[in-house]
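Fold and geometry: a report
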Amino acid sequence: MPIGNNADFATNAEPRCPVVLLLDNSGSMGGQPIQQLNQGVAEFKRSVEQDGLAALRVEVAIVSFGPVVMRQDFVTIDQFVPPQLQAEQLTPMGEAINYALDLLENRKADYKNNGIQYYRPWVFLITDGNPTDTWQPAAQRVRQGENDKKFSFFAVGVGQGVDMKILSQIADPTRPPLLLNGLDFKSMFLWLSQSIQQVAHSQPGATTMIQTPGIGWGQVST
């Protein structure tokens, strides 16, 4: 019997490929940015669930920040209902990162307790602003986690107001943050879905060659 609230493991023992979407819904995301972001998340679901094996293996969780809220705990893509985020408050990025990494560690414990193999998780941060809380400890945790191969952390900045220098201090130097081309969330999420499908078709622990992030939708900000 599955341990804890994990009934899905009894009917689906496939290895899991966990993805945490860490989404900024602060006030500055109002209007087109938040609308395009919501549409991009919905596109991600549509794309992944068309792949039968990935639909069994890819798990999604969503944490929004502004304030920090878990919009979706980990579920396979067929059970995932994309939320309709609204622009709300400030940008507590440090708190959000720590929350997401705690959520991820708890999920990895679920896998281990139930004998489920898993791929290295992905954490995907999308923000258009600057942290309004203390973010340095969270940045250190990201760097250490990357170094220990606990997860792969991606950071994407949106618009002219984002401080790419701070994102560069949060993300690992081997995977610098990218500045989204305009509001092209759709292309970004299609890249994410195709990349995660590629991972899901590999063996857990294997090295998978992923197309360079940002091709066609983002750029490294200098």
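Residues numbered from 1 in each chain as written. Predicted model: local features only at pLDDT ≥ 70, side-chain atom pairs only at ≥ 80, totals over all residues. Heavy atoms only, no water.

1. Brief notes about the overall build of the protein
Along the backbone of the protein there are 7 helices and 7 strands. Ordered by position from the N terminus, the helices and strands of the protein form the series α-β-α-α-β-β-α-β-α-β-α-β-α-β. Expressed as lengths along the three principal axes of its C-alpha atoms, the size of the protein is roughly 50 × 35 × 30 Å. Restricting the contact set of the protein to residue pairs at least 6 apart, pairs at least 24 apart contribute 76%. Taking the average place of the 16 positive charges on the side chains of the protein and the average place of its 21 negative ones, the gap between the two points comes to 5 Å. (Helix = DSSP H or I, 4+ residues; strand = E, 2+ residues; numbered from the N terminus. Contact = heavy atoms within 4.5 Å. Lys, Arg positive; Asp, Glu negative; His and termini not counted. Charge placed at Lys NZ, Arg CZ, Asp CG, Glu CD.)

2. Notes on helix α4 (residues 93–113)
Counted at 1.5 Å a residue, the expected span for α4 with its 21 residues is 30 Å, and the 30 Å between its end C-alpha atoms agrees. For α4, every residue scored as buried is listed here: M93, G94, A96, I97, A100, L101, L103, L104, R107, K108 and Y111. At the exit of α4 stands G115, carrying a positive phi of roughly 70°. (Expected span 1.5 Å × (residues − 1). Buried < 20%, exposed > 50% of the residue type's maximum accessible area, 1.4 Å probe, protein only.)

3. Observations regarding the side chain of E59
The residue E59 is located in strand β2 (residues 58–65) in this model. Within the structure, the side chain of E59 is placed 3.0 Å from the side chain of R16, a separation counted as a polar contact. A polar contact is formed between the side chain of E59 and the side chain of Y111, at a distance of 2.5 Å. Those residues in contact with E59 that lie beyond four places of it in its chain are F9, R16, C17, P18, V19, F74, V75, T76, R107 and Y111. (Polar contact = N/O pair within 3.5 Å; in protein donor to acceptor, adjacent residues only side chain to side chain.)

4. Comments concerning the sheet that holds strand β4 (residues 122–127)
Spatially, β3-β2-β1-β4-β5-β6-β7 is the arrangement adopted by the 7 strands of the open sheet, whose pairing is mixed. Here the strands that pair on one side only, and so sit at the sheet edges, are β3 (69–76) and β7 (218–220). If you compare each strand with its neighbour and ignore which way they point, the axes differ by 20° on average. Bridge analysis of β4 against strand β5 (residues 152–157) gives 6 bridges, and the strand direction is parallel. Residue pairing across strands places I126 opposite V156, the latter belonging to β5. Relative to β4, helix α7 (residues 185–200) is tilted by about 175°, and along the sheet it contacts β1 (17–24), β2, β4, β5 and β6 (178–180). (Pairing = 2+ DSSP bridges. Axes fitted to C-alpha atoms, helices over the stretch in contact; angles between N-to-C directions.)

5. Quick look at the pattern of salt bridges
If you walk through the whole model with that rule in mind, you get 11 salt bridges. For E59, the salt bridge is made with R107, and the minimal N-O distance between the two is 2.9 Å. Of this pair, E59 sits in strand β2 while R107 sits in helix α4, and the two are 48 residues apart along the sequence. Residue classification places E59 among the buried positions, given a relative accessible area of 1%. Taking relative accessible area as the criterion, R107 reaches 9% and is therefore assigned buried. A salt bridge links E88 to R71; the nearest nitrogen and oxygen atoms lie 3.2 Å apart. Separated by 17 residues along the polypeptide, E88 in the loop between β3 and α4 and R71 in strand β3 bring together distant segments of the chain. E88 sits in the partly exposed class, given a relative accessible area of 37%. (Salt bridge = Lys/Arg side-chain N within 4 Å of Asp/Glu carboxyl O.)

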